[in-house]
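One-letter residues, chain by chain:
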Amino acid sequence: MFRTLLVACLLSSSCCLAQEPLLPQGAAYQTPDAWRQPVAPVRIADHTWQIGTAGISALLVRTDDGALLIDGGLPQAAGMLLSHMHALGVAPGDLKLILASHAHGDHAGPIAAIKRATGARVVNNAESAVLMAGGGSDDIHFADDILYPPVQTDRIIHDGETVVLGGTRFTPHFIPGHTPGSIAWTWNDTRDGGTLRIAYVDSLTAPGYVLAGNARYPHIVEDFHRSFETVRTLPCDLLLTPHADASGWDFSNTAHPRPRPTTCRGYADAAAAKFAAQLAQPPSR
(Lines give C-alpha, C1' and ligand atoms only; values in the text may rest on other atoms or scores of the structure.)
Protein backbone atom coordinates (compact mmCIF):
# COMPACT_ATOMS: atom_id res chain seq x y z
CA MET A 1 0.00 0.00 0.00
CA PHE A 2 2.81 2.41 0.92
CA ARG A 3 4.58 1.77 -2.40
CA THR A 4 1.36 2.37 -4.34
CA LEU A 5 0.83 5.70 -2.57
CA LEU A 6 4.46 6.68 -3.12
CA VAL A 7 4.28 5.96 -6.85
CA ALA A 8 1.05 7.95 -7.13
CA CYS A 9 2.65 10.87 -5.32
CA LEU A 10 5.77 10.84 -7.50
CA LEU A 11 3.76 10.48 -10.69
CA SER A 12 1.48 13.34 -9.74
CA SER A 13 4.47 15.63 -9.39
CA SER A 14 5.38 14.96 -13.02
CA CYS A 15 1.92 15.71 -14.36
CA CYS A 16 2.60 19.45 -14.22
CA LEU A 17 5.38 19.35 -16.81
CA ALA A 18 3.30 21.21 -19.38
CA GLN A 19 2.81 24.11 -16.92
CA GLU A 20 6.24 23.85 -15.29
CA PRO A 21 8.71 22.93 -18.06
CA LEU A 22 11.76 22.71 -15.82
CA LEU A 23 12.17 20.44 -12.82
CA PRO A 24 12.62 22.63 -9.71
CA GLN A 25 16.04 24.04 -8.93
CA GLY A 26 17.81 22.53 -5.92
CA ALA A 27 18.07 24.83 -2.93
CA ALA A 28 21.76 24.15 -2.20
CA TYR A 29 23.01 22.65 -5.46
CA GLN A 30 22.29 24.95 -8.40
CA THR A 31 22.40 23.26 -11.82
CA PRO A 32 22.09 24.27 -15.50
CA ASP A 33 18.62 24.28 -17.02
CA ALA A 34 19.47 21.41 -19.40
CA TRP A 35 20.06 19.14 -16.41
CA ARG A 36 16.48 19.81 -15.30
CA GLN A 37 14.76 20.03 -18.69
CA PRO A 38 12.38 17.06 -19.19
CA VAL A 39 12.37 15.62 -22.70
CA ALA A 40 10.48 12.76 -24.31
CA PRO A 41 12.15 9.34 -24.05
CA VAL A 42 14.68 8.70 -26.82
CA ARG A 43 15.04 5.21 -28.26
CA ILE A 44 18.73 4.30 -28.38
CA ALA A 45 18.36 0.68 -29.56
CA ASP A 46 15.66 -1.97 -29.71
CA HIS A 47 15.59 -2.41 -25.92
CA THR A 48 17.44 0.65 -24.61
CA TRP A 49 15.86 4.05 -23.95
CA GLN A 50 17.12 7.35 -22.58
CA ILE A 51 14.50 8.63 -20.12
CA GLY A 52 16.43 11.38 -18.36
CA THR A 53 16.56 15.11 -19.01
CA ALA A 54 18.01 17.04 -21.93
CA GLY A 55 21.48 17.08 -20.41
CA ILE A 56 21.63 14.21 -17.89
CA SER A 57 21.28 10.60 -19.01
CA ALA A 58 19.14 7.93 -17.36
CA LEU A 59 18.98 4.70 -19.33
CA LEU A 60 16.14 2.18 -19.22
CA VAL A 61 16.80 -1.29 -20.64
CA ARG A 62 13.82 -3.60 -21.11
CA THR A 63 14.27 -7.39 -21.04
CA ASP A 64 12.00 -10.43 -20.99
CA ASP A 65 12.44 -10.61 -17.20
CA GLY A 66 11.84 -6.97 -16.38
CA ALA A 67 13.62 -3.66 -16.78
CA LEU A 68 16.87 -2.16 -15.53
CA LEU A 69 17.73 1.50 -14.90
CA ILE A 70 21.21 3.02 -15.09
CA ASP A 71 21.51 6.39 -13.31
CA GLY A 72 18.66 8.75 -12.59
CA GLY A 73 19.87 12.35 -12.57
CA LEU A 74 18.97 14.89 -9.89
CA PRO A 75 16.80 14.03 -6.86
CA GLN A 76 13.87 16.02 -8.25
CA ALA A 77 13.74 13.76 -11.36
CA ALA A 78 12.12 10.77 -9.59
CA GLY A 79 8.54 11.52 -10.64
CA MET A 80 9.60 12.23 -14.22
CA LEU A 81 11.47 8.92 -14.44
CA LEU A 82 8.48 6.91 -13.19
CA SER A 83 6.23 8.76 -15.63
CA HIS A 84 8.55 7.95 -18.52
CA MET A 85 8.73 4.30 -17.47
CA HIS A 86 4.94 4.17 -17.38
CA ALA A 87 4.76 5.69 -20.88
CA LEU A 88 7.06 2.91 -22.11
CA GLY A 89 4.93 0.19 -20.54
CA VAL A 90 7.17 -0.42 -17.53
CA ALA A 91 5.14 -0.64 -14.32
CA PRO A 92 6.93 0.08 -11.01
CA GLY A 93 7.11 -3.62 -10.18
CA ASP A 94 8.71 -4.34 -13.56
CA LEU A 95 11.90 -2.48 -12.62
CA LYS A 96 14.21 -5.12 -11.18
CA LEU A 97 17.68 -3.56 -10.98
CA ILE A 98 19.27 -0.12 -10.64
CA LEU A 99 22.89 0.43 -11.69
CA ALA A 100 24.93 3.63 -11.57
CA SER A 101 27.90 5.31 -13.21
CA HIS A 102 28.98 7.04 -9.98
CA ALA A 103 27.60 8.32 -6.70
CA HIS A 104 27.31 12.08 -7.25
CA GLY A 105 23.96 13.74 -6.62
CA ASP A 106 23.39 14.80 -10.23
CA HIS A 107 23.25 11.13 -11.26
CA ALA A 108 22.35 9.13 -8.15
CA GLY A 109 19.98 11.74 -6.75
CA PRO A 110 16.61 9.97 -7.28
CA ILE A 111 17.78 6.37 -6.79
CA ALA A 112 16.47 6.13 -3.21
CA ALA A 113 13.00 7.30 -4.28
CA ILE A 114 12.94 5.00 -7.32
CA LYS A 115 14.04 2.05 -5.17
CA ARG A 116 11.25 2.71 -2.66
CA ALA A 117 8.64 3.11 -5.39
CA THR A 118 9.60 -0.01 -7.35
CA GLY A 119 11.36 -2.44 -5.03
CA ALA A 120 14.28 -2.66 -7.48
CA ARG A 121 17.63 -3.89 -6.17
CA VAL A 122 20.57 -1.47 -6.29
CA VAL A 123 23.88 -2.77 -7.62
CA ASN A 124 27.15 -0.93 -6.85
CA ASN A 125 30.83 -1.41 -6.33
CA ALA A 126 32.08 -0.94 -2.78
CA GLU A 127 33.30 2.64 -3.25
CA SER A 128 29.99 3.88 -4.66
CA ALA A 129 28.01 1.89 -2.10
CA VAL A 130 29.72 3.75 0.75
CA LEU A 131 29.19 7.20 -0.82
CA MET A 132 25.54 6.48 -1.68
CA ALA A 133 24.86 5.16 1.83
CA GLY A 134 25.85 8.58 3.14
CA GLY A 135 23.85 10.44 0.52
CA GLY A 136 27.02 11.93 -0.95
CA SER A 137 28.41 13.14 2.38
CA ASP A 138 32.17 13.29 2.95
CA ASP A 139 32.85 13.28 -0.77
CA ILE A 140 36.60 13.40 -1.47
CA HIS A 141 36.33 16.48 -3.67
CA PHE A 142 33.02 18.15 -2.78
CA ALA A 143 32.74 17.40 0.97
CA ASP A 144 29.02 17.80 1.81
CA ASP A 145 28.18 20.21 -1.04
CA ILE A 146 26.13 17.76 -3.14
CA LEU A 147 23.86 15.78 -0.83
CA TYR A 148 20.92 13.56 -1.79
CA PRO A 149 18.69 10.94 -0.14
CA PRO A 150 20.87 8.02 1.07
CA VAL A 151 20.70 4.74 -0.84
CA GLN A 152 21.19 1.22 0.51
CA THR A 153 23.06 -1.07 -1.90
CA ASP A 154 21.73 -4.62 -2.28
CA ARG A 155 24.59 -6.21 -4.23
CA ILE A 156 28.30 -5.37 -4.34
CA ILE A 157 30.05 -6.15 -7.62
CA HIS A 158 33.69 -6.44 -8.66
CA ASP A 159 35.44 -5.24 -11.80
CA GLY A 160 34.31 -7.37 -14.74
CA GLU A 161 31.63 -9.24 -12.77
CA THR A 162 28.57 -9.70 -14.97
CA VAL A 163 25.06 -8.58 -14.00
CA VAL A 164 22.43 -10.56 -15.92
CA LEU A 165 18.76 -9.71 -16.46
CA GLY A 166 16.52 -11.45 -18.97
CA GLY A 167 19.47 -12.82 -20.89
CA THR A 168 21.16 -9.41 -21.27
CA ARG A 169 24.62 -9.27 -19.72
CA PHE A 170 25.82 -5.97 -18.25
CA THR A 171 29.57 -5.80 -17.59
CA PRO A 172 31.11 -3.21 -15.24
CA HIS A 173 34.52 -1.80 -16.09
CA PHE A 174 35.96 0.12 -13.16
CA ILE A 175 37.35 3.50 -14.25
CA PRO A 176 38.27 5.34 -11.02
CA GLY A 177 39.16 9.00 -11.23
CA HIS A 178 36.09 11.21 -11.42
CA THR A 179 35.12 9.25 -8.31
CA PRO A 180 36.90 6.25 -6.78
CA GLY A 181 33.83 4.17 -7.71
CA SER A 182 33.33 5.33 -11.31
CA ILE A 183 32.13 2.62 -13.70
CA ALA A 184 31.68 2.11 -17.43
CA TRP A 185 28.87 -0.33 -18.23
CA THR A 186 28.77 -2.31 -21.49
CA TRP A 187 26.07 -4.55 -22.93
CA ASN A 188 24.78 -5.79 -26.28
CA ASP A 189 21.48 -4.68 -27.79
CA THR A 190 20.15 -4.86 -31.32
CA ARG A 191 19.30 -2.25 -33.93
CA ASP A 192 18.45 -2.47 -37.64
CA GLY A 193 18.73 -6.25 -37.48
CA GLY A 194 22.27 -6.35 -36.10
CA THR A 195 24.08 -6.45 -32.78
CA LEU A 196 24.93 -3.10 -31.21
CA ARG A 197 27.62 -2.94 -28.52
CA ILE A 198 26.64 -0.12 -26.16
CA ALA A 199 29.07 1.52 -23.74
CA TYR A 200 27.77 3.84 -21.03
CA VAL A 201 30.97 5.45 -19.77
CA ASP A 202 31.26 7.57 -16.67
CA SER A 203 32.69 11.09 -16.66
CA LEU A 204 36.45 11.36 -17.18
CA THR A 205 36.76 14.90 -15.81
CA ALA A 206 38.42 16.33 -12.70
CA PRO A 207 36.46 19.56 -12.15
CA GLY A 208 38.42 21.64 -9.67
CA TYR A 209 40.09 18.55 -8.21
CA VAL A 210 43.42 18.62 -6.39
CA LEU A 211 45.56 16.33 -8.53
CA ALA A 212 49.10 16.68 -7.17
CA GLY A 213 49.53 15.62 -3.56
CA ASN A 214 45.86 14.83 -2.89
CA ALA A 215 45.96 13.38 0.63
CA ARG A 216 42.43 11.93 0.34
CA TYR A 217 43.17 10.31 -3.02
CA PRO A 218 46.95 9.79 -3.31
CA HIS A 219 46.85 7.79 -6.57
CA ILE A 220 44.28 9.87 -8.41
CA VAL A 221 46.62 10.68 -11.33
CA GLU A 222 47.58 7.05 -11.88
CA ASP A 223 43.91 6.02 -11.68
CA PHE A 224 42.89 8.53 -14.32
CA HIS A 225 45.61 7.35 -16.71
CA ARG A 226 44.58 3.70 -16.28
CA SER A 227 40.94 4.63 -16.79
CA PHE A 228 41.66 6.48 -20.03
CA GLU A 229 43.27 3.32 -21.38
CA THR A 230 40.38 1.13 -20.20
CA VAL A 231 37.87 3.33 -22.02
CA ARG A 232 39.93 3.31 -25.22
CA THR A 233 39.60 -0.48 -25.45
CA LEU A 234 35.94 -0.99 -24.49
CA PRO A 235 33.54 -2.86 -26.82
CA CYS A 236 31.90 0.28 -28.12
CA ASP A 237 29.78 0.64 -31.25
CA LEU A 238 27.76 3.38 -29.55
CA LEU A 239 28.87 5.60 -26.68
CA LEU A 240 26.68 7.28 -24.08
CA THR A 241 27.79 9.28 -21.05
CA PRO A 242 26.12 10.60 -17.88
CA HIS A 243 26.44 14.16 -19.19
CA ALA A 244 24.92 13.77 -22.64
CA ASP A 245 26.94 16.45 -24.41
CA ALA A 246 30.23 14.80 -23.39
CA SER A 247 29.57 12.07 -25.97
CA GLY A 248 27.88 14.23 -28.59
CA TRP A 249 24.23 13.75 -27.63
CA ASP A 250 21.52 16.41 -27.43
CA PHE A 251 18.37 14.74 -26.13
CA SER A 252 16.33 17.91 -26.60
CA ASN A 253 16.73 17.43 -30.37
CA THR A 254 14.19 14.67 -30.99
CA ALA A 255 14.81 14.61 -34.75
CA HIS A 256 18.58 14.29 -34.47
CA PRO A 257 19.62 13.53 -30.85
CA ARG A 258 23.21 12.62 -31.72
CA PRO A 259 24.61 15.55 -33.70
CA ARG A 260 28.28 14.90 -32.81
CA PRO A 261 28.92 11.13 -32.62
CA THR A 262 31.89 10.30 -30.42
CA THR A 263 33.80 7.04 -30.07
CA CYS A 264 35.10 5.61 -26.83
CA ARG A 265 38.66 6.18 -28.01
CA GLY A 266 37.89 9.74 -29.03
CA TYR A 267 36.19 10.39 -25.69
CA ALA A 268 39.18 9.03 -23.76
CA ASP A 269 41.74 10.88 -25.90
CA ALA A 270 39.96 14.22 -25.48
CA ALA A 271 39.65 13.66 -21.72
CA ALA A 272 43.32 12.67 -21.44
CA ALA A 273 44.42 15.83 -23.26
CA LYS A 274 42.29 18.02 -20.99
CA PHE A 275 43.58 16.18 -17.93
CA ALA A 276 47.20 16.68 -19.00
CA ALA A 277 46.60 20.40 -19.43
CA GLN A 278 44.96 20.59 -16.01
CA LEU A 279 47.81 18.65 -14.42
CA ALA A 280 50.35 21.05 -15.94
CA GLN A 281 48.72 24.09 -14.35
CA PRO A 282 50.35 25.44 -11.18
CA PRO A 283 48.28 24.72 -8.07
CA SER A 284 45.95 27.54 -7.05
CA ARG A 285 46.75 29.37 -3.85
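Residues numbered from 1 in each chain as written. Predicted model: local features only at pLDDT ≥ 70, side-chain atom pairs only at ≥ 80, totals over all residues. Heavy atoms only, no water.

Draft legend 1. Summary view of the packing of helix α6 (residues 220-232) against helix α7 (residues 264-280). One way to put it is that α6 packs onto α7 with a least axis distance of 8 Å and a crossing angle of 160°. With respect to α7, the axis of α6 lies roughly antiparallel. You can see that α6 and α7 cross each other, and the crossing is left-handed. The residues of α7 that touch α6, namely those facing Val221, Phe224, His225, Phe228, Val231 and Arg232, are Cys264, Arg265, Tyr267, Ala268, Asp269, Ala271, Ala272, Phe275 and Leu279. Looking at the contact of α6 with α7, its residues break down into 11 nonpolar, 1 polar and 3 charged. (Axes fitted to C-alpha atoms, helices over the stretch in contact; angles between N-to-C directions. Helix = DSSP H or I, 4+ residues; strand = E, 2+ residues; numbered from the N terminus. Parallel < 35°, antiparallel > 145°, perpendicular 65-115°, else oblique. Left-handed = near helix turned anticlockwise from the far one by under 90°. Contact = heavy atoms within 4.5 Å. Nonpolar A, V, L, I, M, F, W, Y, C, P; charged D, E, K, R; others polar.)

Draft legend 2. Local environment of the side chain of Asn214. Position of Asn214 among the secondary structure elements: in the loop between β11 (194-201) and α6. Judged by its relative accessible area of 8%, Asn214 falls in the buried class. Here Arg216 takes part through its backbone nitrogen, which lies 3.0 Å from a polar atom of the side chain of Asn214. Those residues within four positions of Asn214 in sequence are excluded, and the remaining contacts are His141 and Ile220. (Buried < 20%, exposed > 50% of the residue type's maximum accessible area, 1.4 Å probe, protein only. Polar contact = N/O pair within 3.5 Å; in protein donor to acceptor, adjacent residues only side chain to side chain.)

Draft legend 3. Region of the structure containing the sheet that holds strand β2 (residues 48-50). Within the open sheet, the 7 strands sit side by side as β1-β2-β3-β4-β5-β6-β7. Their pairing is mixed. Each end of this open sheet is capped by a strand with a single partner; those strands are β1 (42-43) and β7 (155-156). Bridge count between β2 and strand β3 (residues 59-63): 3 bridges; the pairing is antiparallel. Along β3, the bridge assignment pairs Trp49 with Leu60. Strands β4 (66-70), β5 (95-99) and β6 (121-124) of the sheet are contacted by helix α4 (residues 111-118), whose axis makes an angle of about 165° with β5. Each of β6 and β7 is contacted by helix α5 (residues 126-133), which is oriented at about 125° to β6, the strand it contacts most. (Pairing = 2+ DSSP bridges.)

Draft legend 4. Local environment of the pairing of strand β10 (residues 183-191). Two elements, strand β9 (residues 168-174) and β10, share 4 bridges in a ladder whose sense is antiparallel. Along β10, the bridge assignment pairs Thr171 with Thr186. Bridge count for β10 against β11 is 8 bridges, and the pairing is antiparallel. Considered in β11, the bridge of Asn188 is made with Arg197.

Draft legend 5. Examining the confidence of the model for the protein more closely. Mean pLDDT over the protein works out to 93, with 92% of the residues at or above the 70 mark. Contacts of residues 13-20 to residues separated by more than four positions or lying in other chains number 6 contacts, the stretch itself having pLDDT below 50. (pLDDT = per-residue confidence, 0-100.)

Draft legend 6. Looking closely at the sheet that holds β11. With respect to topology, 5 strands assemble into an open sheet ordered β8-β9-β10-β11-β12, the strand pairing being mixed. Edge positions in the sheet fall to β8 (163-165) and β12 (238-240), since each of these pairs with one other strand and no more. The mean angle between the axes of side-by-side strands here comes to 25°, regardless of whether they run parallel or antiparallel.

Draft legend 7. How the structure looks around the packing of helix α2 (residues 78-87) against α4. Two numbers describe how α2 lies on α4: the axes approach to 9 Å, and their chain directions differ by 45°. Here α2 is positioned oblique relative to α4, judged by the angle of their axes. For the element pair α2 and α4, the recorded crossing hand is right-handed. Residue-level inspection shows Ala78, Leu81, Leu82 and Met85 of α2 in contact with α4, the latter providing Ala113, Ile114, Ala117 and Thr118. Along the lines of polarity and charge, the residues of the contact of α2 with α4 split into 7 nonpolar, 1 polar and no charged.

Draft legend 8. Broad picture of the state of the cysteines. Following the criterion strictly, the structure yields 1 disulfide and no others. The disulfide partner of Cys236 is Cys264, and the S-S distance across this bridge is 2.2 Å. With the S-S bond torsion at 85°, the cross-link from Cys236 to Cys264 turns out right-handed. Here Cys236 is found in the loop between α6 and β12, whereas its partner Cys264 is found in helix α7, with 28 residues between them in sequence. The pair formed by Cys236 and Cys264 is uniform in burial state, with each residue classed as buried. (Disulfide = S-S within 2.5 Å.)

Draft legend 9. Spotlight on the environment of His47. Looking at the element boundaries, His47 is found in the loop between β1 and β2. If sequence neighbours within four positions are ignored, His47 has contacts with Leu60, Val61, Arg62, Asp189 and Thr190. One polar contact links His47 to Asp189, side chain to side chain, over a distance of 2.8 Å.

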